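Geometric and topological summary
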Amino acid sequence: MKSNRCLICGFLIVLAVAEWWLFASTSTKSATPGSDFAILYAGAKLANENPPALYDSQTQFKVEQEVLQVPGWEARFLYPPFFALAISPLSRMNYVAAYWAWTGFTVILYSASILLLIRESHGNALILALTAVACPAFHWLILAGQTTVIALFIFVLIYLAMSRQLYSITGALIALLAYRPQFMILLVAICLMKLPWSAFSGFFSMLFALFVAGAMGLSLDSYARYFALIQEITDLLRLAIHPLGLFISAYGLLRSLGSETLATTGSLVLGIFLGFRLFVRWPSDHNLGRFSSWFASLILATLLTMSYSLIYDLLLIIPVIASTFGVRGAQASALAFLYCAPILYFFLGSGAINLSAIALGWLFVAIDRACPDSYGSVVDLKTENISSS
C-alpha cells in the first residue's frame, strides 16, 4: 500500500512539474495571455462603459480583437447581466493586468476549495493536494482565463451546507450557479423537491436578488438580449460549428458520432434517466459517506447532461476524487481514465474523439453500483458523522 502511494505521488509530481513548466513557458511567450479571458474582459469593459452593447456581437468582437491584437477573433460573452456587473471592475485595468488579477482570483478560489475538501475528506491530504496541483483542467483553465473555478467553489460550499443541514444557505448557493445556468439542471430539480421549504425560499430569494442587481446595474432589457443570445448559441452548437472535441458531455460525444437528432435525443434520454436515478437514490440513512458518494454522482451526471460543458469543466472532478479516496477496482480505473482522457485527446490531436463522456459515465455507474439503494425525502446527517472528519 505504501509503495503504491509513493508511486502515485511520484506520478502526480512529475505531471504537475510538466504542466507548470508548460504554463510558465506559454505565459512568458505571449504578450496577451489568456485567449478566452478576452471574452470576460470585453464583457466587463462593455458593462462598465457601454451597457446597451453588452450582447452586441460586433461591438464585443471589436474589443476582443483590440486587446488580443488578433484580427478575426470572434467569441461571445455568454454570461448573465449580474455576472457582467460583478466582473466590471476588471475593465479599470489594462488587459494583461486584469488577466493576472483574474488568475490570482482563480488560484485563491481553487486553493480554498481544495483546503475545504481536505478538511472534509477522510483520504490522504497529500495525494489530494498533489492531484489538485497536477489537474490538467486547472492548467487549461488558467491558461485560457475561464470561470469554472467559481462553480467548483460553489459546489464545495453546497456540499458543506447540505451536510450541515443549512438548507436556506444551500438554496442561496444553488442560485449562485445561475452565472452558468446549466450547472443547475439536475441540482435544482432534485434538491428543491427533496430539501425542506427553507431551501426553496433561499434559492428564489437569491435568484431574485441577482436578477434585480443585474437589472438595476445594467438594464432590464439586458436580460432579454441575454436570453436571445443563449438561443442563438444553442442553434450554433447544433450545427457543430465549434470543435466538438472540446466538449465533454454526452451531447458532444454523440454529436461527433452522428447527427444532431441523435445527439439531442440521446442526451435528453440520458439526462432524464440520470436525474431519476439520483432522485430515487437520495441519501436518507444519516450516512455522510453515502451522501458524499451521491454528491459525487450528481457532479458527474451534471457534466454529462450539460450540452455546453467544456473541457475546463473537468475541474469539477476534484470533489469527486476527494469523495472516492481508497476505492479500488472499477471506481479506481474509471477515475484514472477520467483524469487522463482529455490529455489523450490533446495528444492525439483535434481530429480525435474526446472520450471524457465515456469516462464520466463509467465512473457514475461504478459509484452507483457501489452504493445500495436508499430512498428518502430529506438529508439528515448526524452531527457525529460530520465532526469525525
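Residues numbered from 1 in each chain as written. Predicted model: local features only at pLDDT ≥ 70, side-chain atom pairs only at ≥ 80, totals over all residues. Heavy atoms only, no water.

1. Some thoughts on the nonpolar core
Cut-off, in case you're wondering: Nonpolar cores were defined as sets of buried Ala, Val, Leu, Ile, Met, Phe, Trp, Tyr and Cys residues, with membership established by side-chain atoms within 4.5 Å. Relative accessibility thresholds used throughout: buried, under 20% of the residue-type maximum; exposed, over 50%; partly exposed, between the two (1.4 Å probe, protein chains only). Put simply, DSSP marks the helices as runs of H or I at least four residues long and the strands as runs of E at least two long, and each gets a number from the N terminus on. The criterion used for residue contact is that any of the two residues' heavy atoms lie within 4.5 Å.
Core analysis: the biggest nonpolar cluster contains 124 residues, and F77, F83, Y110 and F295 have the highest contact counts within it. With 12 residues, helix 8 (residues 148-163) is the largest single contributor of residues to this core. Those residues in contact with F77 that lie beyond four places of it in its chain are I39, L40, G43, L54, Y55, Q60, F83, A84, I87 and L229.

2. Quick look at the side chain of S309
Selection criterion: Between N or O atoms, a polar contact is any pair within 3.5 Å; within protein, one atom must be a potential hydrogen donor and the other a potential acceptor, and residues adjacent in sequence are included only when both atoms are from side chains.
Looking at where S309 falls in the secondary structure, it is placed in the loop between helix 15 (288-305) and helix 16 (317-323). A distance of 3.3 Å separates a polar atom in the side chain of S309 from the backbone nitrogen of S249. Residues contacting S309, with those up to four places away along its chain left out, are R180, Q182, L246, F247, I248, S249 and L303.

3. As for the packing of helix 14 (residues 260-280) against helix 15
Where we set the bar: A fitted line through C-alpha atoms serves as each axis, taken over the contacting stretch for helices, and the angle formed by two N-to-C directions is quoted from 0 to 180°. For classification, angles of less than 35 degrees are called roughly parallel, those exceeding 145 degrees roughly antiparallel, those between 65 and 115 degrees roughly perpendicular, and all remaining angles oblique. In this scheme the crossing of two helices becomes right-handed for a clockwise turn of the near helix relative to the far one and left-handed for an anticlockwise turn of less than a right angle. Gly counts as polar in this scheme, as do all residues outside two lists: the nonpolar Ala, Val, Leu, Ile, Met, Phe, Trp, Tyr, Cys and Pro, and the charged Asp, Glu, Lys and Arg.
Helix 15 packs onto helix 14 with a crossing angle of 170° between their chain directions and a minimal axis gap of 10 Å. By the angle between their directions, the pair helix 14 and helix 15 is classed as roughly antiparallel. Judged by the sense of rotation from one axis to the other, the crossing of helix 14 with helix 15 is left-handed. Facing helix 14, whose interface residues are G271, L274 and L278, helix 15 presents W294, S297, L298, A301, L304 and T305. Considered class by class, the residues forming the contact of helix 14 with helix 15 number 6 nonpolar, 3 polar and no charged.

4. Some thoughts on the side chain of S113
Relative to the assigned elements, S113 resides in helix 5 (residues 95-120). Residues in contact with S113, not counting those within four places in the same chain, are L152, F153 and V156.

5. Some details on the packing of aromatic side chains
Under the convention used in this document: Geometry of aromatic contacts follows a simple scheme: Phe, Tyr and Trp rings, the Trp one being its six-membered ring, pair when their centres are within 6.5 Å, and the pair is stacked under 30 degrees between planes, edge-to-face over 60, tilted otherwise. The rule for a charge over a ring is simple: NZ of Lys or CZ of Arg within 6 Å of the ring centre, and within 35 degrees of the ring normal.
Counted under the stated rule, the structure contains 27 aromatic pairs. Ring centres of Y41 and Y95 lie 5.4 Å apart, and the angle between their planes is 90°; this geometry places the pair in the edge-to-face category. Separated by 54 residues along the polypeptide, Y41 in helix 2 (residues 37-49) and Y95 in helix 5 bring together distant segments of the chain. As far as burial versus exposure is concerned, Y41 and Y95 are alike and both buried. The rings of F37, Y41, Y95, Y99, W100, W102 and F105 are connected pair by pair, giving a single aromatic cluster. A cation sits over an aromatic face here: K194 above F279, 4.2 Å from the ring centre.

6. A short note on unusual backbone geometry
Backbone geometry at Q165 places phi at a positive 60°, although glycine is not the residue there. In this structure, Q165 sits in the loop between helix 8 and helix 9 (167-176).

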